[in-house]
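Structural overview for review
Read off the chains here:
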Amino acid sequence: MENEKNNAFANWLFNEYVKAHRKADKCTSRHFWSVLAKYAKIGFPKADQKEEKQYAEKLNRIVKNAFPDWNTHLLILRGEEGRAEYAENMASYEKRLRAIGHDEEEIQQMINKKIKFNYGID
């Protein structure tokens, strides 16, 4: 599990990139991505910061891998903001399913599918 306190700045950079990209603000989003890439490359001078460096590199790779396939709009927020967005999205989805008239078993199945396909979690 990611260390929230030590990865707060990397999460913030990544989240700001995602938020700016969702708003179609290419200049700002690329700025945050550039800073994240530089942070991953030179932001960890101490030997005991290996895990933090790897985490920042991982976030940079996520953006780098999503960018060529035009999948950056599918990126999800990290850390506390990500958990809050996830909870809000799932509550809204469940509310819509109930409004349509699905029963509890169908709702649970659909929620499980959404989690698996959108968040990669079983």
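Scope of this entry: the structure provided in the associated data block.

Parameters and conventions
- Residues numbered from 1 in each chain as written.
- Predicted model: local features only at pLDDT ≥ 70, side-chain atom pairs only at ≥ 80, totals over all residues.
- Heavy atoms only, no water.
- Helix = DSSP H or I, 4+ residues; strand = E, 2+ residues; numbered from the N terminus.
- Phe/Tyr/Trp six-rings, centres within 6.5 Å; stacked < 30°, edge-to-face > 60°.
- Buried < 20%, exposed > 50% of the residue type's maximum accessible area, 1.4 Å probe, protein only.
- Salt bridge = Lys/Arg side-chain N within 4 Å of Asp/Glu carboxyl O.

Comments concerning unusual backbone geometry
Even without being glycine, Ala24 reaches a positive phi, approximately 65°. Tracing the backbone through its elements, the reader meets Ala24 in the loop between helix H1 (8-22) and helix H2 (26-42).

Considerations on the packing of aromatic side chains
Considering all chains together, one arrives at six aromatic pairs under this definition. Between Tyr39 and Phe44, the ring centres sit 4.7 Å apart and the planes meet at 55°, which makes this aromatic pair tilted. Residue class for Tyr39 comes out buried when judged on its relative accessible area of 17%. With relative accessibility at 11%, the residue Phe44 sits in the buried group. Grouping aromatic residues by their ring pairs yields a cluster made of Phe9, Trp12, Phe32, Tyr39 and Phe44.

Brief notes about the pattern of salt bridges
Opposite charge on two side chains permits pairing when their charged atoms draw close. Taken as a whole and assessed by the stated rule, the structure comprises seven salt bridges. In this structure, Lys19 engages Glu81 in a salt bridge whose closest nitrogen and oxygen atoms are separated by 2.5 Å. Of this pair, Lys19 sits in helix H1 while Glu81 sits in helix H4 (residues 79-100), and the two are 62 residues apart along the sequence. On the basis of relative accessible area, Lys19 is assigned to the partly exposed category, the value being 25%. Measuring nitrogen to oxygen at the nearest pair gives 2.5 Å for the salt bridge that ties Arg22 to Glu85. Remark: Glu85 occurs in helix H4 and Arg22 occurs in helix H1; sequence separation between them is 63 residues. The network of salt bridges with common partners includes Glu16, Lys19 and Glu81.

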